[in-house]
Amino acid sequence: MLDPCTFVIFGSTGNLSKRKLLPALYHLEAANRLPDEMKIIGFGRRDWGDEQWRDFVKEVLTPQVRDGFNEEIFSRLVHRLHFFQGNLDDKDSFKALSDKIENSEEFPKNVIFYMSIRPAEYTQVIKNLANANLLIEEHGWRRIVVEKPFGYDRESAQMLQQNMMKHLREEQVFRIDHYLGKGTVQNVLVFRFANVMMEPLWNRNYIDHIQITHSETVGIEGRADYFDSAGALRDMIQSHLLQLLTLVAMEPPASMDAESLRDEKVKVLKSIRPIPQNAVHAHAFRAQYASGIIHGEKVPGYLDADGVDEDSVTETYAAIKLYIDNWRWRGVPIYLRTGKRMAESRSAISIRFKHPPQLLFRNTQVERLKPDWLLLGIQPNECVRIEMQVKESGLEMRTRTSSLDASFNKEGDTLYDAYEGLLLDVVENDHSLFLRYDEVEWAWRVVDPVLRMWATERDFIHTYPAGTWGPKETQRLFDHADQFWRHSIEPED
Ligand code: BG6
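Residues numbered from 1 in each chain as written. Predicted model: local features only at pLDDT ≥ 70, side-chain atom pairs only at ≥ 80, totals over all residues. Heavy atoms only, no water.

Engineer: Looking at this structure, how should I read the overall build of the protein?
Structural biologist: Check the secondary structure of the protein and you find 13 helices and 18 strands. Taken over the C-alpha trace, the protein has a radius of gyration of 24 Å; the compact-globule value for 493 residues is 23 Å, and the two agree within 12%. Principal-axis analysis of the C-alpha atoms places the extent of the protein at approximately 85 × 50 × 45 Å. By the burial criterion, 54% of the 493 residues in the protein qualify as buried. Nonlocal contacts in the protein, meaning residues at least 24 apart in sequence, comprise 77% of its contacts between residues at least 6 apart. (Helix = DSSP H or I, 4+ residues; strand = E, 2+ residues; numbered from the N terminus. Rg over C-alpha atoms; globule rule 2.2 N^0.38 Å. Buried < 20%, exposed > 50% of the residue type's maximum accessible area, 1.4 Å probe, protein only. Contact = heavy atoms within 4.5 Å.)

Printed below as a string of structure tokens:
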């Protein structure tokens, strides 16, 4: 039985709320997973009452929910929806919110505050909540959900943490990284730790290198305000891709409880070799998209997007090479890359195995043995594929690549969005898929040297035409001439 709770959304009419939170709440309602007495308060500046908020939510949900908008489901959701008119920087608004929650039978006293707002506003809002006694757990629990980026670099993350900890305990904080809510990302753990087959191979003796890619065909979608000062390294690599890396590289945890899991993830981050300031160019590459063609249509370059500074050298593409200095991974390069306006939208982990120690087929017509790959597709298709070499049929000794394919999704499987599971985890007080502060801090330590160097290089950035896989110069990151970016998990020639 889930505790009844009040779910307060700061930034209730913003992008994240519209695209992720409200649809997730609707789908949880549809699946009868919301606690019976749960209430949802939209906090916002607009001069609205409950009715306008309910109309807004309906309008937002109608075009995006799965299986078509359902009036019956919405009629259940609608009774939960309330609007609270307030200002984030106004102390009195928080006092009034406190009165509303504390003095009405209607609102459960367990409260989740969801910060769907600019990170720069976190400290002030938490202070205002604390001043209004909204964080005191006298009549029920109080939890805060914060979105990434947690800070702007290591130092600002430390400051933010200190400010938050003046008013909160770590257990009250849920730092969300929605990648951890994706089914296939959790499947990395199941694949590794529920099967014994891969474990003997999962190390420096057999693995040549690892690539983690997230590419998107979309641009910055009206988010210049945030993105132009963040850039792709902060936006994707410091958070989502480093998280993926921890799951791929971690040791088996003592158990699947939140602390054991996060202890192992932190160990990976701590073992990443710091990038020396004078080696940033050998380890990291950045670029920005110029105009180009996406899905057959011409699209403008980054500098022409609304709100982007005309001299901006913010990267929309970032790639980085890392080494993990521990027994399992020492010497195995790990390449992470992300980009907007790329040729395709996909996320995948590609693991390349070494060649066999002896090339037995050297004098035959097998000119060049291809390496084996293990490919974990995260999106759009969730799958595991293992590419191996087999003999082609016929009299000649020729090899070709064949793949063993395991798709995770069977027909009839329920698809769900990462936010649905994560919101339930907050209600259930399960921190396993949320970031502990030390993970965030160590992740900043990994990218900080690169950020510092790039911040000084204001005159030049490589460009790539929208709709491509990025500039060819990015190849320079690879340790060996026979390593290359694996763009697809489909068989490549
Ligand atoms: C967000 C980034 O965290 O993740 C976005 O801020 C990015 O820039 C998005 O587009 C990607 O998430 P998903 O779930 O669409 O792969």
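Engineer: Help me out: how do you make sense of the site of the ligand in this one?
Structural biologist: The environment of the ligand is formed by Lys 148, His 178, Tyr 179, Lys 182, His 214, Glu 216, Arg 223, Asp 235, Met 236, His 240, Lys 340 and Gln 379. Contact between the ligand and Arg 223: an oxygen atom at 2.8 Å from a side-chain N or O atom of the residue. Within the side chain of His 240, an N or O atom sits 2.7 Å from an oxygen atom of the ligand. When the ligand sits alone it has 400 Å² of accessible area, and the protein chains cover 81% of it. At three residues, the largest contribution of residues to the shell around the ligand is made by helix α9 (residues 232-249). (Near = heavy atom within 4 Å. Polar contact = N/O pair within 3.5 Å; in protein donor to acceptor, adjacent residues only side chain to side chain. Areas by Shrake-Rupley, 256 points an atom, 1.4 Å probe, with all protein chains shown as cover.)

Engineer: When you look at the packing of aromatic side chains in this model, what are you seeing that I'm missing?
Structural biologist: Geometry of an aromatic ring pair is reported as the spacing of the ring centres plus the angle between the planes. By the definition in use, this model includes 24 aromatic pairs. Arranged with centres 5.5 Å apart and planes meeting at 40°, the rings of Phe 43 and Phe 94 form a pair that is tilted. Of the two residues, Phe 43 sits in strand β2 (residues 39-44) while Phe 94 sits in helix α4 (residues 91-102), which places them 51 residues apart along the sequence. For the residue pair Phe 43 and Phe 94, the accessibility class agrees, reading buried in each case. An aromatic cluster is present here, built from Phe 227, Phe 285, Tyr 289, Tyr 302, Tyr 317 and Tyr 464 joined pairwise through their rings. The ring of Trp 141 has Arg 143 lying over it, and the distance from NZ or CZ to the ring centre is 3.5 Å. Geometry around Trp 442 places Arg 154 over its ring, the cationic atom sitting 5.8 Å from the centre. (Phe/Tyr/Trp six-rings, centres within 6.5 Å; stacked < 30°, edge-to-face > 60°. Lys NZ or Arg CZ within 6 Å of the ring centre and 35° of its normal.)

Engineer: What should I look at first to understand empty space enclosed by the protein in this one?
Structural biologist: Any empty space left between the atoms is revealed when a probe the size of a water molecule rolls over them. All told, the structure shown has five cavities of 30 Å³ or more when counted by the stated rule. In this structure, the largest cavity occupies an estimated 110 Å³ of space. Taken together, 15 residues make up the lining of the largest cavity; nearest its centre are Lys 148, Phe 150, Gln 238, Leu 435 and Val 440. Considering each element in turn, the lining of the largest cavity owes the most residues, four residues, to helix α13 (residues 437-456). Split by residue class, the lining of the largest cavity holds seven nonpolar, three polar and five charged. (1 Å grid on protein atoms, 1.4 Å probe; cavity = no way out; pocket = protein on both sides within 12 Å on 5 of 7 lines; lining within 4 Å. Points joined across faces, edges and corners; volume = space filled by probe spheres on them. Nonpolar A, V, L, I, M, F, W, Y, C, P; charged D, E, K, R; others polar.)

Engineer: Can you walk me through the pattern of salt bridges in this structure?
Structural biologist: One side chain can pair with another of opposite charge once the charged atoms of both are near each other. Taken as a whole and assessed by the stated rule, the structure comprises 31 salt bridges. Of the charged contacts, one joins Arg 142 and Glu 102 as a salt bridge, the two residues approaching to 3.2 Å between their closest N and O atoms. Residue Arg 142 is located in strand β5 (residues 142-146), and its partner Glu 102 is located in helix α4; the two are separated by 40 residues in the primary sequence. Judged by relative accessible area, Arg 142 falls into the buried class, the value being 0%. Arg 273 serves as the salt-bridge partner of Asp 325, at 3.0 Å between the closest nitrogen and oxygen. (Salt bridge = Lys/Arg side-chain N within 4 Å of Asp/Glu carboxyl O.)

Engineer: Explain the sheet that holds strand β8 (residues 284-290) here, please?
Structural biologist: Whenever strands of a sheet pair, they do so through backbone hydrogen bonds, lying parallel or antiparallel. Overall, mixed pairing links the nine strands, which are arranged β16-β15-β14-β13-β7-β12-β11-β8-β18 in an open sheet. The sheet terminates laterally at β16 (399-407) and β18 (462-465), the two strands that pair on one side only. Geometrically, the sheet is characterised by an average inter-axis angle of 20° between neighbouring strands, direction not taken into account. Here strand β15 (residues 383-391) pairs with β16 via nine bridges, running antiparallel. (Pairing = 2+ DSSP bridges. Axes fitted to C-alpha atoms, helices over the stretch in contact; angles between N-to-C directions.)

Engineer: Please clarify how unusual backbone geometry should be interpreted in this entry.
Structural biologist: In this structure, the amide linkage connecting Lys 148 to the following residue, Pro 149, adopts the cis form with an omega of -5°. Among the structural elements, Pro 149 can be located in the loop between β5 and α6 (154-165).

Engineer: Where do I start with the pairing of strand β7 (residues 207-215) in this structure?
Structural biologist: Along a regular strand, successive side chains alternate from one face of the sheet to the other. Among the nine residues of β7, nine are classified as buried, and the element is accordingly described as predominantly covered. Pairing of β7 with strand β13 (residues 346-353) involves eight bridges; the strand directions are antiparallel. Following the sheet pairing, Ile 212 is matched in β13 by Ile 349. Pairing geometry for β7 and strand β12 (residues 334-339), over six bridges, is parallel. Paired with Gln 211 across the strands is Tyr 335, a residue of β12.

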